[in-house]
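Here are the chains, one letter per residue:
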Amino acid sequence: MIFWIEKKYKKEYLNSAKSNGIRYKFYGDFDEENKNKILNFIFFIRRNYFFPIRLNIAFCNQEYFKHHIDNHKYYAAFYGMDDENRKTYPRMSVAAKITKSNPLDDVLFAIAHEFTHYYQWYFLEEDIRTDRSLEIEANKWSAYILDEYYALNKFEDIN
């Protein structure tokens, strides 16, 4: 079982890569209020957790992505970049357009879910565990992180 790296353990992981932390970019014309809600969550994550190898995040102004092979819908994806040039940092893509069919709760859950995949990748869990166990763990961590976030921010109406 993996764990997210809390900031208090940051010193133990500082030598993992030349660059660390989270970098993000919003692509498309985002509603400022919704963009700020997503950023509040990212700032919460940055304050509390350490990312030992830089993670680049692309927030796309769309409700979902379609897989190029079978056209199934997905909302976020983590790419470890293991098959790429080793100087390329891992990245994450998030369909972050907030709508009735893709509410803020779901967008934040998808972000936390993919953050868990980042830590699974970092700790090489994906090499020794089944896809199902990794997905179950990512869902559990997502629920935990969101509960922590909402408890600290005391959101009443998050949508």
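Residues numbered from 1 in each chain as written. Predicted model: local features only at pLDDT ≥ 70, side-chain atom pairs only at ≥ 80, totals over all residues. Heavy atoms only, no water.

### Digging into the packing of helix α2 (residues 104-122) against helix α3 (residues 131-153)
For any two helices packed against each other, one specifies the crossing angle of their axes together with the interaxial distance.
Then comes step 1: Put simply, α2 and α3 touch, their axes get as near as 8 Å, and they point 125 degrees apart. Classified by the angle their axes make, α2 and α3 are oblique. Like other packed secondary-structure pairs, α2 and α3 cross with a definite hand, here right-handed. Two secondary-structure elements touch here, α2 through D105, L108, F109, A112, H113, T116, H117 and Q120 and α3 through L134, E135, E137, A138, N139, W141, S142, A143, I145, L146, Y149 and Y150.
Then comes step 2: Here the contact of α2 with α3 is built from residues that sort into 11 nonpolar, six polar and three charged. (Axes fitted to C-alpha atoms, helices over the stretch in contact; angles between N-to-C directions. Helix = DSSP H or I, 4+ residues; strand = E, 2+ residues; numbered from the N terminus. Parallel < 35°, antiparallel > 145°, perpendicular 65-115°, else oblique. Left-handed = near helix turned anticlockwise from the far one by under 90°. Contact = heavy atoms within 4.5 Å. Nonpolar A, V, L, I, M, F, W, Y, C, P; charged D, E, K, R; others polar.)

### Some details on the sheet that holds strand β6 (residues 91-95)
Then comes step 1: Reading across from one edge, β1-β2-β6-β5 is the order of the four strands in this open sheet, with mixed pairing throughout. Only two strands of the sheet have a single partner each, and these edge strands are β1 (22-27) and β5 (76-79). Sheet twist, expressed as the mean angle between neighbouring strand axes with direction ignored, is 15 degrees.
Then comes step 2: Together, β1 and β2 (55-60) form the strand contacts of helix α1 (residues 32-48), whose direction differs from that of β1 by roughly 170 degrees.
Then comes step 3: Along the sheet, α2 makes contact with β1, β2, β5 and β6, crossing β5 at roughly 15 degrees. (Pairing = 2+ DSSP bridges.)

### Topic: the environment of N48
Then comes step 1: Relative to the helices and strands, N48 is located in helix α1.
Then comes step 2: A residue is classified by how much of its surface remains accessible, and N48, at 29% relative accessible area, is partly exposed.
Then comes step 3: It is 9.7 Å that separates the C-alpha atoms of N48 and W4, two residues lying 44 residues apart in sequence.
Then comes step 4: What N48 contacts, discounting residues up to four positions off in sequence, is I5, E6 and K7.
Then comes step 5: Of the polar contacts made by the side chain of N48, one reaches the backbone oxygen of F44; its length is 2.8 Å. (Buried < 20%, exposed > 50% of the residue type's maximum accessible area, 1.4 Å probe, protein only. Polar contact = N/O pair within 3.5 Å; in protein donor to acceptor, adjacent residues only side chain to side chain.)

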